[in-house]
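Inside the fold
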Amino acid sequence: MDNRATVSPQSSSQSSPQPSPKSGEMIERVWREIHLAGEHFLTFFRDVYSYRGYIVQSVTRDLRKKYKRSSLGYLWSMLNPLLMITVLTVIFSNLLPRVEHYAVFLFSALISWQYFSGTVSECMSSIRGNMNLIQQVPMPKFIFPITIACSNFVNLLLTLVALLIVTVVVGRPLHWTVLLFPIYFIPLLLITLGLGLLLAVSEIFFEDTKHLTKLVLQAWYYLTPVLYGPAMLPEHVVRWLRLNPLFYPVTQLREIFYDGAVPALLPYLLSVGVGVVVLAVALRVFYRNEDKFIYFV
Amino acid sequence: MEQEVVVGESNGCAPHPGEQATSRPPALEVKNVTVQYRAYKERPGTFKEHFLQFARTGRWPKYYSRFEALQNLSFTVEAGTSLGIIGSNGAGKSTLLKTLSGVIRPTKGEVLARGKVDSLISLGAGFDKELNAVENIYLYGSLHRIPKGEIEARVPRILEFAELEEFQEMPVRYFSSGMFARLGFSCALDMDPDILLVDEVLSVGDARFRQKSQEAMQNLLKSGRTIVVVSHGLRAMADLVDRIILLSKGRIVFDGAPDEAIKIYLSEDYEVALDGKRFVESTPSSGA
């Protein structure tokens, strides 16, 4: 809980727009918010733990459904990105001839982006999609977004296998830093889950959240260093790109897969902090509205 | 669903089957429960409409009026007894059942449920039509937080009760509605609920299965469990329940013996009676 407590003040000052006149009151208020965020995280972890059986069952169900009736089965989750990589590589490796092994360069960032955008958009409709269940069984509703984050994670692991194969095939050495993946995946997971929960709430109340998100994701894709790397851009542009909360998670994951370097610690901690704040705000919003979902089908 | 909807003195009072019903606190306590719905005239729908309204009036728009689906209900259900809920459409029966199950949180008042609550509100919620019967049992069981090993032991029993052993490999999608209902009913029954909430499913399956499920519910009652039923099938209900609550417009009109409740319900002048406040004071009854 400690690292959470240290970053949460930002969340509280964001979620309480009206400035309080006295600083003493302000501090009290901030303290209350931190306390509440801590409580939310506790409930969150407790609920996830007590529904772990259901999460596992749902994830296996999702995967089974996805691949059951296709003849190539699990191979699809590797073929899909491979095909995309091939096309993009053919074009961009000519545009950006300075990049060595462009396929690996691209792939190592594309997996992060695909995890993010796929999970966020699926989470968005997960509450409405499970309304039948929500109306019958009292349960914490964020279990549905969590399930999606988990299924997509399994898919991501399958794609990782493809990435490693591609790396070897193009003749690039495999670095030990690949093993750091679970650590450098954390900020991406936190931000993805937080945003997914926020959008899930928003989608219940405003159906056009879907359309807006699609638009925003499209722009966001180009603002995230996936097709290109920050080193290819002048510093005054990169400075602005760093404001993108996905900038560090995506580039750092690329560093461990493509460059074989251990990413810098400070940006890492920063993005974990941002992730915790995003998730804290999301949980706050989610818990506050959870009981109303049932009236909005 | 191990739930203490409101933490009271009820902690640690989990009922044990076979205990004397009289020595235990009631299985369900409903205290002054009011459920307020939002009745939407027009759903806000889009951001644009929402913000335009805000820009025009300076206030966030309210598209709904509140109405009370349940008004200040209070009653208790003793463990080992069964309660029926009847009333015309829109009287608040399903809302009451959902409130008891914890799906809807009461706007005012509290519901105290002692023990594991399971509800059969719409059959097959928690099932996935693409999966086969066995997979669905696992899914359903895990939703009720039953460990995997324990579910494994239950699977044959559930299949047997549902009479679906031959079809266990078939995706539920291809099931007839009767088969589907049987599977749902058997699962819910096998979760060992302390309190079983049933909505309109007394008519599940054919006559034989109906007979069987009635017996199963009787057995639940005998072992000290509690059942709350909502139904329009008055005769089937009267056979099962010890006591009936008659609802009208979200209020209790009558609470007592099944025969009498049905008589009042069929006489159809109870709604008038409600306005004249004749039956509003419910007869306190603790069931059989």
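Higher on the page you've got the structure.
A few points on the structure. These figures come from a predicted structure and were not determined experimentally.

Describing the overall build of chain A
Within chain A one finds 13 helices and 0 strands. Along chain A, from the amino end to the carboxyl end, the secondary structure elements read α-α-α-α-α-α-α-α-α-α-α-α-α. With respect to the three principal axes, the spread of C-alpha positions in chain A is 60 × 50 × 35 Å. Looking at chain A residue by residue over its 297 residues, the buried ones come to 52%. The contacts in chain A between residues at least 6 apart in sequence include a share of 78% that link residues at least 24 apart. Of the side-chain charges in chain A, 24 are positive and 17 negative, and the distance between the mean point of each set is 5 Å.

Re the nonpolar core
It is characteristic of soluble globular proteins that their nonpolar side chains tend to be buried jointly. Counting residues in hydrophobic clusters, the biggest one holds 92 residues, and the most contacted among them are Tyr54(A), Phe116(A) and Phe257(A). Among the elements that take part in this core, helix α5 (residues 102-124) of chain A stands out by supplying 14 residues, more than any other. If near-sequence neighbours (up to four positions away) are discounted, Phe257(A) is found in contact with Ser108(A), Ile111(A), Leu160(A), Leu163(A), His175(A), Val178(A) and Phe181(A). By size, the runner-up hydrophobic cluster in this structure holds 46 residues, among which are Leu120(B), Val134(B), Leu183(B) and Val241(B).

Observations regarding the interface of chain A and chain B
If you look at the interface, chain A gives 33 residues, while chain B gives 36 residues. Taken together, the two surfaces of chain A and chain B that pack against each other cover about 3100 Å², and 56% of this comes from carbon and sulfur. There are 3 salt bridges connecting chain A and chain B. In this structure, the salt-bridge partner of Arg64(A) is Glu135(B), at a minimum N-O distance of 2.5 Å. Seen at the junction of chain A and chain B, the total is 5 residue pairs in polar contact (both at pLDDT 80 or more). Within the residue set of the side of chain A that touches chain B, elements represented by two or more residues are α3 (52-68), α7 (131-134), α9 (181-205) and α10 (209-223) of chain A. Classifying every residue of the side of chain A that touches chain B by side-chain character gives 14 nonpolar, 9 polar and 10 charged.

Structural notes on the packing of helix α3 (residues 133-143) of chain B against helix α4 (residues 148-162) of chain B
Angle between the axes and distance between the axes: these two values describe a pair of packed helices. Residue and element names in this part refer to chain B. Their axes nearest at 10 Å, the elements α3 and α4 cross at an angle of 130°. It follows from the interaxial angle that α3 and α4 lie oblique. Once α3 is placed against α4, the crossing between them reads as right-handed. Judged by residue contacts, Ala133, Val134, Ile137, Tyr138, Gly141 and Ser142 of α3 engage Lys148, Ile151, Glu152, Val155, Ile158 and Leu159 from α4. Grouping the constituent residues of the contact of α3 with α4 by class yields 8 nonpolar, 2 polar and 2 charged.

So, a nonpolar patch on the surface
All names here are of chain A. Residues Val87, Val90, Ile91 and Leu95 make up a contiguous nonpolar surface patch of roughly 390 Å² in combined accessible area. Following the sequence through the fold, Leu95 ends up in helix α4 (residues 76-95). Taking relative accessible area as the criterion, Leu95 reaches 58% and is therefore assigned exposed.

Notes on the pairing of strand β6 (residues 195-199) of chain B
Residue and element names in this part refer to chain B. Burial runs high along β6: 5 of the 5 residues are buried. The alternating pattern of β6 places Ile195, Leu197 and Asp199 and Leu196 and Val198 on opposite faces, both of which are buried. Note that strand β5 (residues 117-120) and β6 share 4 bridges and pair parallel. The residue of β6 that forms the bridge with Ser119 is Leu197. In this sheet, strand β7 (residues 226-230) lies alongside β6 in parallel orientation, the contact comprising 5 bridges.

Describing the side chain of Asn155(A)
All names here are of chain A. Mapped onto the secondary structure, Asn155 falls in helix α8 (residues 143-169). Judged by its relative accessible area of 10%, Asn155 falls in the buried class. Among all residues touching Asn155, those that are not within four sequence positions of it are Leu63, Lys66, Tyr67 and Ser77.

As for the packing of aromatic side chains
Under the criterion given, the structure shown has 27 aromatic pairs over all chains. On the basis of an interplanar angle of 40° and a centroid distance of 5.0 Å, the ring pair of Phe153(A) and Phe185(A) is categorised as tilted. You can see Phe153(A) sitting in helix α8 and its partner Phe185(A) sitting in helix α9, a full 32 residues away along the chain. Assessed through its relative accessible area of 27%, Phe153(A) is described here as partly exposed. Centroid distance Phe181(A) to Phe257(A): 5.9 Å. Interplanar angle 45°. Geometry classified as tilted. Pair noted here: Phe181(A) is in helix α9 and Phe257(A) is in helix α12 (residues 247-259), with a separation of 76 residues, a long-range link. You can call Phe257(A) buried: its relative accessible area is 5%. These aromatic residues form a ring-pair network of at least three members: Phe41(A), Phe44(A), Phe45(A), Phe142(A), Phe205(A), Phe286(A), Tyr287(A) and Phe293(A). Above the face of the Tyr258(A) ring, Arg172(A) is positioned so that its terminal group lies 4.0 Å from the ring centre. Here Lys212(B) stacks its cationic end above the ring of Phe161(B), 4.8 Å away from the centre of that ring.

What to know about the sheet that holds strand β9 (residues 251-256) of chain B
Residues and elements named next belong to chain B. Strand order in this open sheet of 6 strands is β5-β6-β7-β3-β8-β9, and the pairing throughout is mixed. With one partner strand each, in any of the chains shown, β5 and β9 form the two edges of the open sheet. On average, each strand axis in the sheet is tilted by 15° relative to the strand beside it, whichever way the strands run. Lying over the sheet, helix α8 (residues 258-267) contacts β3 (82-86), β8 (243-248) and β9, oriented at roughly 25° with respect to β8.

With respect to the environment of Leu88(A)
Residues and elements named next belong to chain A. Mapping Leu88 onto the fold places it in helix α4. Residue classification places Leu88 among the buried residues on the basis of a relative accessible area of 16%. In sequence terms Leu88 and Ala103 are 15 residues apart; their C-alpha atoms lie 8.1 Å from each other. Residue contacts for Leu88: discarding those within four places in its chain leaves Ser93, Tyr102, Leu106, Tyr221 and Leu227.

Rules used throughout
- Residues numbered from 1 in each chain as written.
- Chains lettered and ligands numbered in written order.
- Predicted model: local features only at pLDDT ≥ 70, side-chain atom pairs only at ≥ 80, totals over all residues.
- Heavy atoms only, no water.
- Helix = DSSP H or I, 4+ residues; strand = E, 2+ residues; numbered from the N terminus.
- Buried < 20%, exposed > 50% of the residue type's maximum accessible area, 1.4 Å probe, protein only.
- Contact = heavy atoms within 4.5 Å.
- Lys, Arg positive; Asp, Glu negative; His and termini not counted.
- Charge placed at Lys NZ, Arg CZ, Asp CG, Glu CD.
- Core = buried A, V, L, I, M, F, W, Y, C linked by side-chain atoms within 4.5 Å.
- Buried area = accessible area lost by both parts, 1.4 Å probe.
- Salt bridge = Lys/Arg side-chain N within 4 Å of Asp/Glu carboxyl O.
- Polar contact = N/O pair within 3.5 Å; in protein donor to acceptor, adjacent residues only side chain to side chain.
- Nonpolar A, V, L, I, M, F, W, Y, C, P; charged D, E, K, R; others polar.
- Axes fitted to C-alpha atoms, helices over the stretch in contact; angles between N-to-C directions.
- Parallel < 35°, antiparallel > 145°, perpendicular 65-115°, else oblique.
- Left-handed = near helix turned anticlockwise from the far one by under 90°.
- Patch = residues over 30% accessible without salt bridge, like charges linked within 9 Å, V, L, I, M, F, W, Y side chains within 5 Å.
- Areas by Shrake-Rupley, 256 points an atom, 1.4 Å probe, with all protein chains shown as cover.
- Pairing = 2+ DSSP bridges.
- Phe/Tyr/Trp six-rings, centres within 6.5 Å; stacked < 30°, edge-to-face > 60°.
- Lys NZ or Arg CZ within 6 Å of the ring centre and 35° of its normal.

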